[in-house]
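Reading the structure
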Amino acid sequence: MSKVLVIGAGGVGSVAVHKMAMNSDIFSHITLASRRKFKCDAVAESVKARTGVTIDTAQVDADNVPELVALIKQVQPALVVNLALPYQDLTIMDACLETGVDYMDTANYEPRDEAKFEYHWQWAYQDRYKDAGIMALLGSGFDPGVTSVFTTWLKKHHFDRIDTLDILDCNGGDHGQAFATNFNPEINIREVTAVARHWENGAWVETPAMSVKQPFNFEEVGEKNMYLMYHEEIESLKTHLPEIKRIRFWMTFGDQYITHLTVLQNIGMTRIDPVVYEGKEIIPLQFLKAVLPEPSSLGETTKGKTNIGVIATGLGKDGKEKTLYLYNICDHEEAYAETGNQAVSYTTGVPAMIGAAMIVTGQWKGDGVFNMEQFDPDPFMDMLNKHGLPWQVKELDGPLAF
């Protein structure tokens, strides 16, 4: 049983602490902290009502290392779970380094002034974390996170060698809004408007954002258009599984979303550089975030399902070429009934809880900075089945035809 400090009280943080409270045999004490303490208090009330467990709440500025250090020293957790913004990864890692406490997050660091999604800033902490005798686990969400665990589970149990990997992320939910994002609008739009990149034959291949589109029939969702994008797990998977010749990431978007996003781009509302308005500097994308619906408010109205998984092709352990599709289907309404959050938050928050459980129970351990695919996938996969994200695997006739 272990104390944990969770930083970030959005939808993912809410799901994570609800699920931690449901596993009090693992998490003996939970503190939820955010810049806006009232959001933590609201989550704490929901946790108490749904599970009977009381969690502590605190206010902290995740950009301020001394504040973080003071809170960590006060709480004395075994693990800090960073579910705040990706901009804050390094300050929280610095605070964990100063206090000698293990660290975990769900998304790689991003600088505020450039849409650049790379692990090198966090991988640079390897020697310092190793020397300090502490562990950092990066990217314990669904993608990144579960998709990497899916890949290593397939490699461990079914493949001698994986040649190609496609990661498919489908949100078939409908929230009834003309335009809204299912997670932080600023992060979502930065990802979607970035240049697409995939890994092929030892090099990055770039294409314009949202320029490569393919239809795919997702089980329990139906046919959706999915777009080739860059996502950070490509970088870590190609580093730790260098045998894979091609890794691609696909995400679905509806036509209405694409239309709205195109207009917003054309009029400059997705810019991340400051503009002067009435004598003050503002960043258009941050202003847009302020006027869009809060993602955590969408749970009550969202219906439908998500379907996220990986398609791997390679040499099977039986000596034959094969293609396997490993995926999870999650229902928005069921996720909301359990935690008060829609499935996009649920599919990230549950793996955050499981990753934290892997660390505090010692099933995953080491000194330094690690990605998900560097550990034994089996205990993580077992917990997915037990805690709301059951997975299934099926054999396909062959790899994607495109």
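Residues numbered from 1 in each chain as written. Predicted model: local features only at pLDDT ≥ 70, side-chain atom pairs only at ≥ 80, totals over all residues. Heavy atoms only, no water.

At a minimum axis distance of 10 Å, the contact between helix α1 (residues 11-21) and helix α2 (residues 37-51) shows a crossing angle of 35 degrees. For the crossing formed where α1 meets α2, the hand is right-handed. From α1, S14, V17, H18 and A21 reach across to α2, where they touch V43, S46, V47, R50 and T51. When its residues are assigned to classes, the contact of α1 with α2 shows four nonpolar, four polar and one charged. (Axes fitted to C-alpha atoms, helices over the stretch in contact; angles between N-to-C directions. Helix = DSSP H or I, 4+ residues; strand = E, 2+ residues; numbered from the N terminus. Left-handed = near helix turned anticlockwise from the far one by under 90°. Contact = heavy atoms within 4.5 Å. Nonpolar A, V, L, I, M, F, W, Y, C, P; charged D, E, K, R; others polar.)

Turning to its location among the elements, D163 is positioned in strand β7 (residues 159-171). Expressed as a C-alpha distance, the spacing of D163 and V43, which sit 120 residues apart in the sequence, is 44 Å.

Attention now moves to the pattern of salt bridges. Enumeration over the complete set of coordinates arrives at 15 salt bridges. The closest approach of N and O atoms between D160 and K317, which form a salt bridge, is 3.5 Å. Of this pair, D160 sits in strand β7 while K317 sits in the loop between β15 (305-316) and β16 (321-331), placing them 157 residues apart in sequence. Given the relative accessible area of 43%, K317 is considered partly exposed. Close ionic contact of D166 with R248 constitutes a salt bridge, the shortest N to O distance being 2.7 Å. Residue D166 is located in strand β7, and its partner R248 is located in strand β12 (residues 246-252); the two are separated by 82 residues in the primary sequence. The pair formed by D166 and R248 is uniform in burial state, with each residue classed as buried. Ionic contacts of the salt-bridge type, sharing partners, join the residues K156, D376 and D378 into one network. (Salt bridge = Lys/Arg side-chain N within 4 Å of Asp/Glu carboxyl O. Buried < 20%, exposed > 50% of the residue type's maximum accessible area, 1.4 Å probe, protein only.)

Here we take up the packing of α1 against helix α13 (residues 343-360). The interhelical angle for the contact between α1 and α13, taken along N-to-C directions, is 50 degrees, at an axis separation of 7 Å. Taken together, the axes of α1 and α13 are oblique relative to one another. Along this stretch, α1 crosses α13, giving a crossing that reads as right-handed. In this structure, α1 uses G11, V12, V15, A16, K19 and M20 to contact α13, whose residues at the interface are S345, Y346, T348, G349, V350, A352, M353 and A356. Here the residues of the contact of α1 with α13 are counted per class, giving nine nonpolar, four polar and one charged. (Parallel < 35°, antiparallel > 145°, perpendicular 65-115°, else oblique.)

Two strands pair when backbone bridges link them, and strand β2 (residues 27-34) and strand β3 (residues 56-59) are joined in this way by four bridges, in the parallel orientation. Within β3, the position partnered with S34 by the bridge is Q59. (Pairing = 2+ DSSP bridges.)

Bringing unusual backbone geometry into the picture now. Following D143, the chain continues to P144 via a peptide bond in cis, the omega torsion being 10 degrees. Along the chain, P144 falls in the loop between β6 (135-138) and α7 (146-157). The phi dihedral of N201 is positive, around 50 degrees, even though this residue is not glycine. Classification of N201 as exposed rests on a relative accessible area of 60%. Positive phi values are uncommon outside glycine, yet M210 reaches one of about 60 degrees. Along the polypeptide, M210 turns up in the loop between β9 (203-207) and β10 (213-218).

What follows is about the packing of aromatic side chains. Inspection of the entire model under this criterion finds 15 aromatic pairs. Against the face of Y125 rests R128, its NZ or CZ located 4.1 Å from the ring centre. Just above the ring of W199 sits the side chain of K238; from NZ or CZ to the centre is 4.5 Å. (Phe/Tyr/Trp six-rings, centres within 6.5 Å; stacked < 30°, edge-to-face > 60°. Lys NZ or Arg CZ within 6 Å of the ring centre and 35° of its normal.)

What follows deals with helix α11 (residues 284-291). In an α-helix, one turn spans 3.6 residues; hence positions three or four apart end up facing the same way. Residues of α11 that are buried: P284, L285 and L288. For α11, the buried positions fall inside an angular range of 95 degrees around the axis, keeping them on one side. (Arc of directions from axis to C-beta.)

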